[in-house]
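Overview (structure and organization)
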Amino acid sequence: MTAKPKFAMYWAASCGGCEIAVLNIHEKILDVDANFDVVFWPVAMDAKYKDVEAMEDGSILLTLFNGGIRNDENEHIAKLLRKKSKILVAFGSCANEGCIPGLANLSDSREIVHTAFNTISTDNPNQIYPRTAFDVPEGEIHIPNILPVLKTLDQVVDVDYYMPGCPPESHQIAAVIDLVVQVLQGKAELPPKGTVIGAGNSTVCDECKRTRNVKVIKSFERIYNMQIDPALCLLEQGIPCNGPATRSGCNARCPAAGAQCIGCYGPAEGVLDYGARLISAFASVLDAKEPEEIDHILDGLVDPTGQFYRFNLAGSLLKAGVPAWKAESTHEKEKV
Amino acid sequence: MSEKKLERVGVYVCHCGTNIAGTVDVVSLAKWAEEKLKHLGVVVAREYKFMCSSLGQELIEKDIKELGLTRVVVAACSPHLHEKTFRTAAKNAGLNPYLVELASIREQVSWVHTDKAVATEKAKAVVAGAVSRVIENKALEEIKVPINPNTLIVGGGIAGIQAALEIANAGFHVYLVEREPSIGGHMAQFDKTFPTLDCAACILTPRMVEAGTHPNITLLTWSEVVNVSGYVGSFHVTVKKKARFVNEELCTGCAICQEKCPKKVIDDVFEAGLGYRKAIYTPFAQAVPKFPVLDKENCTYFIKGTCKACEKFCPTQAIDFNQQDQYVDLDVGNIILATGYDLFDARRVSNYGYGRLPNVFTNLEFERLSNAAGPTSGNIVLRDGKTTPKSVGIIHCVGSRDKNFNNYCSVICCMQGLKFAHLVHERTGATVYNFYIDMRTAYKAYDEFYQRVLEEGTLFVRGKVAEVTDAARYEHEKGKLIIQVEDTLIGKQRRIPVDMVILSSGLQPRHDAKAVGKQFGISCSTDGWFTEKHPKLDPVATMTEGIYIAGCAQGPKDIPSSVAQGAAASARVLDKILQKEVALEPIKASIDHDKCSGCRICNGLCPFNAIAFIEDDQVSDINPALCQGCGTCVAACPAGAISGTGFSDEQIMAQIDGLLFRNLLPVEA
């Protein structure tokens, strides 16, 4: 029996939705098992880091890495899996562009810890904060250090392919697995390194069935506040839909259901900064000339960062807010 | 990226005499570029006194040929000035001209800094940016388009008439569009012109007649441009010919209709409200064309359904009450905008009392009062129509050089005020006071005129008038208008009682100048005047190819300057016509149809109407002939499907990397 190629999947700073999306490919999961030897997948099977460390470099054929790099454990495993894997895929929005955990890049890491352990919803009368190292009779024990900013996978290691989505659509995962299996059987070739796989090359609008006209935005509305025309482009109805800037691949599921695209598939091919693109697009079609009118319309966007950078903050040109950058220069490891 | 073959870049640092070399260490800048930018492909960096000189250009050309340069960066002045010079030099040496970049180390560095060390550091950053960018530049080819020899001129004042005659005399066709019933503009309203005191009508009307009868000029009066599309060489223009209710084929201009029309209307336009016209009228006797216009709002027939006196008496049955507005489509290659000015509304300076105090007049009212063909046959009288004033105050700079209204100088008011002083003096013998801030009598024979008026005994008070009032404090002020002013030459407040006040109101951009500018794709200054391509070297061209400006539309000016600009604009148009075709800058936007998903955000944005939506493919598309490369759509496209040649993301990001020294080799500690 010839050895099957090895497969790994890892979660760093993420929610676990990507793992569920993989399982959601139903019986296709059997193809994974049939074609691969799953060597490391913490959410699905028991494994130890030292086992991975012991593997030969480049011995894992395919690693799907989801989650952003939030702490030094994430960083260590990212570097480790890079070394051990032939093909490393940034899987899902967090690994690609930071996603929701990346929004924490607006605050410095101490502020984040403080919020977690000292808000009014937290019962912490003795002001106990976690320490990253602690002496016990058996020796010193550690928990991971939080990094000043959350980084995307390719800000830490070299990435071969990118698979966007929060999470990636199951049919897209299935298609990618099909492709890899065909490559293994010599029936297909891998795309060039750096390619975005499991997604389209245009935007969500391309897959959206709604009618589009020349755009003019008179005001921004929220969906719970209005009667939505089921056939007309949401943006034209004043709903801040991110579809025009978001990579296609999801079959425009949200707009089809009457909810605006919030941009989980990330920037379209060739876009440097997702939020900047959207801001300039929205601003271009505001139906106003006077500064006060413009301000009034823009006030309709209640959470600009959440609107324009919900998924892409860590992967944007700016990458983080000022407090997080400041933290980088003053960061020191917490001492016992 | 790493396998990319290095370009061979030449860097040329210009001293610009001491303009740059005085503030930037040009020698060390060139040396630095040769050493520190070597890894980017810089193979040579030189400095020279004047790169734009023929010797400087030869230096570059020689290097291109001998060193096989594939990219050139000239660190010198702004691209506005010499980009073309160096592109041509590159072209002469066989290098595509678009592979040349200018690094502006004069306007953006030496002229705005004083610290030499800091300025030199900044110059390095600018040069590193330009080198990084030029590597990403692509060879581009110019686009040639044919020039339609017809020209549209908007505005039939003296500037527009002059331009029309020049082009028509050269043998090319002109469409002259005028909003009012007659050409002639403001000049037709004046009595005398300064400083020669020529009769305005005597010198203007022959030009008007010439324009009206010229075989190469089509007059479209009582008309307005409603739509413009296209680009230099091939504009499509739609002109709305407002219904005159007079058949121009039949009308002989006999004016019987005007004589017989029973309805008198105050003429607010031509007579500045001082006189009357009929409901069917020509604004003045020498109007061109001779056909009258029927004013529907005031016509008894249109209001009550009966009258038709004009129709009854017209010997040629030329009156046509059923006439409709017509839309005329024109194809032209070039457009001159000579749309003139509006007079500043003197009511806005409420302390001068215009509109409240009857014997306060505006300059235009005075022009009509003193005009022999005007409502008083040239008698200068008070508002009652009979009393000759014994003393007259003329206030300069009304609405001009005033932070509350317009900051700029309206140019003509000083000379106009002097002309008024002379006319009042000559015709009434009244005592005349001129109130001025500074007397500005530049240009030929102007100051001599000032001397003459001084000798005539006109009194000059240097000071900005605070108030004109009829509230008398002393016996001798009763029944008079009192001018309260600080006489800055004697340092005292004065109250000067007069019978009549004339306000020398300034000039303002046309109330609709912004909209007209937008229609023709040109911009206005913050004051609202049309913006010229270069304030000194290209005053009649605009940033939009094929659109020229002349006369007061560009800024306040006197008649000789307006005429000169009209002629200058026509010379530019003739130059274009005679070239038969024009090379357009290949800086264009284009849409990648694979990336475009037809969101239609760009569709309404193009100022040149170059973007169309293709229904069948559900994508947007740009017509390269219409695109002017402004970049609006490139910035707006959320999908990154639109790119602009010459301004690609790669070029801009590379330039930023260079500016931030991010792509320098690590410097040794």
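Residues numbered from 1 in each chain as written. Chains lettered and ligands numbered in written order. Predicted model: local features only at pLDDT ≥ 70, side-chain atom pairs only at ≥ 80, totals over all residues.

Time to look at the confidence of the model for chain A. Per-residue pLDDT for chain A averages 91, and the proportion of residues at 70 or more is 96%. A low-confidence stretch, residues 329-336 of chain A stays under pLDDT 50, and its non-local contacts, those more than four residues away or across chains, total 9 contacts. (pLDDT = per-residue confidence, 0-100. Contact = placed C-beta atoms within 7 Å.)

The partner chain A presents 24 residues to the 19 residues of chain B that form the contact. At the level of secondary structure, the elements contributing two or more residues to the side of chain B that touches chain A comprise helix 15 (632-636) and helix 16 (649-659) of chain B. In terms of residue class, the side of chain B that touches chain A is made up of 10 nonpolar, 5 polar and 4 charged. (Helix = DSSP H or I, 4+ residues; strand = E, 2+ residues; numbered from the N terminus. Nonpolar A, V, L, I, M, F, W, Y, C, P; charged D, E, K, R; others polar.)

All names here are of chain A. The first and last C-alpha atoms of helix 8 (residues 170-184) sit 21 Å apart over 15 residues, in line with the 21 Å expected at 1.5 Å per residue. Of the positions making up helix 8, those classed as buried are Gln 172, Ile 173, Val 176, Ile 177 and Val 180. For helix 8, the angular spread of the buried residues around the axis is 140°, confining them to a single face. On its buried face, helix 8 sits against helix 1 (17-23), helix 2 (29-35), strand 3 (60-66) and strand 9 (161-163). The first or second residue beyond helix 8 is Gly 186, which carries a positive phi of 75°. (Expected span 1.5 Å × (residues − 1). Buried ≥ 20, exposed ≤ 12 C-beta atoms within 10 Å, placed from the backbone. Arc of directions from axis to C-beta.)

Turning our attention to the sheet that holds strand 25 (residues 481-487) of chain B. Residues and elements named next belong to chain B. Strand order across the open sheet formed by 3 strands is 24-25-26, with antiparallel pairing between neighbours. Bordering the open sheet on either side are strand 24 (465-469) and strand 26 (492-498), each of which pairs with just one other strand. Sheet twist, expressed as the average angle between the axes of neighbouring strands with direction ignored, equals 20°. Of the strand pairs in this sheet, strand 25 and strand 26 are connected by 7 bridges, and their pairing is antiparallel. Each bridged residue has a counterpart across the sheet, and for Asp 487 the counterpart in strand 26 is Lys 492. (Pairing = 2+ DSSP bridges. Axes fitted to C-alpha atoms, helices over the stretch in contact; angles between N-to-C directions.)

If a residue is not glycine, its phi is most likely negative; likewise, a peptide bond is most likely trans. A cis geometry characterises the amide bond from Cys 166 of chain A onward to Pro 167 of chain A, with omega recorded as -10°. Among the secondary structure elements, Pro 167 of chain A is positioned in the loop between strand 9 and helix 8. Backbone torsion omega between Val 288 of chain B and Pro 289 of chain B reads 0°, so that peptide bond is classified as cis. Mapped onto the elements of the fold, Pro 289 of chain B is located in the loop between strand 15 (280-281) and strand 16 (293-294). With a phi close to 70°, Ala 255 of chain B is a non-glycine residue in the positive phi region.

What follows concerns the domain arrangement of chain A. Residues and elements named next belong to chain A. The domain boundaries assigned to chain A delineate domain 1 (1-199 + 325-336) and domain 2 (204-264 + 267-309). Summarising the inter-unit geometry, the C-alpha centres of domain 1 and domain 2 are found 31 Å apart. Its residues assigned to classes, the side of domain 1 that touches domain 2 shows 5 nonpolar, 4 polar and 1 charged. (Domains from an automatic or database assignment.)

This next bit is on the environment of Thr 238 of chain B. Residue and element names in this part refer to chain B. Secondary-structure assignment places Thr 238 in strand 12 (residues 234-241). Take Thr 238: there are 14 C-beta atoms within 10 Å of it, and that puts it in the partly exposed class. Spatially, the C-alpha atoms of Thr 238 and Val 226 are 5.7 Å apart, while their sequence positions differ by 12 residues. Excluding residues within four positions of it along the chain, Thr 238 makes contact with Val 226, Asn 227, Tyr 327 and Asp 329.

This paragraph deals with the packing of helix 5 (residues 158-169) of chain B against helix 14 (residues 559-579) of chain B. For any two helices packed against each other, the geometry is given by the interaxial angle and the distance between the axes. Residues and elements named next belong to chain B. Relative to each other, helix 5 and helix 14 sit at 35°, their axes nearing to 8 Å. Regarding helix 5 and helix 14, the two cross each other, and that crossing is right-handed. On helix 14, the residues touching Ile 158, Ala 159, Gly 160, Gln 162, Ala 163, Glu 166 and Ile 167 of helix 5 are Ile 559, Ser 562, Val 563, Gln 565, Gly 566, Ala 567, Ala 569, Ser 570, Val 573 and Leu 574. Here the contact of helix 5 with helix 14 is built from residues that sort into 10 nonpolar, 6 polar and 1 charged. (Left-handed = near helix turned anticlockwise from the far one by under 90°.)

Residues and elements named next belong to chain B. Read from one edge of the open sheet, 4 strands run 2-1-3-4, paired in parallel fashion. The two strands at the open ends of the sheet, each matched to only one other strand, are strand 2 (42-48) and strand 4 (100-104). Pairwise comparison of adjacent strand axes, ignoring direction, gives a mean angle of 15° for this sheet. Judged from the 5 bridges that link them, strand 3 (residues 71-76) and strand 4 form a sheet pairing that is parallel. Each residue of the ladder has a partner; that of Val 74, found in strand 4, is Leu 102. Strands in contact with helix 3 (residues 79-92) are strand 3 and strand 4; relative to strand 4, the strand with the most contacts, it is inclined by about 150°.

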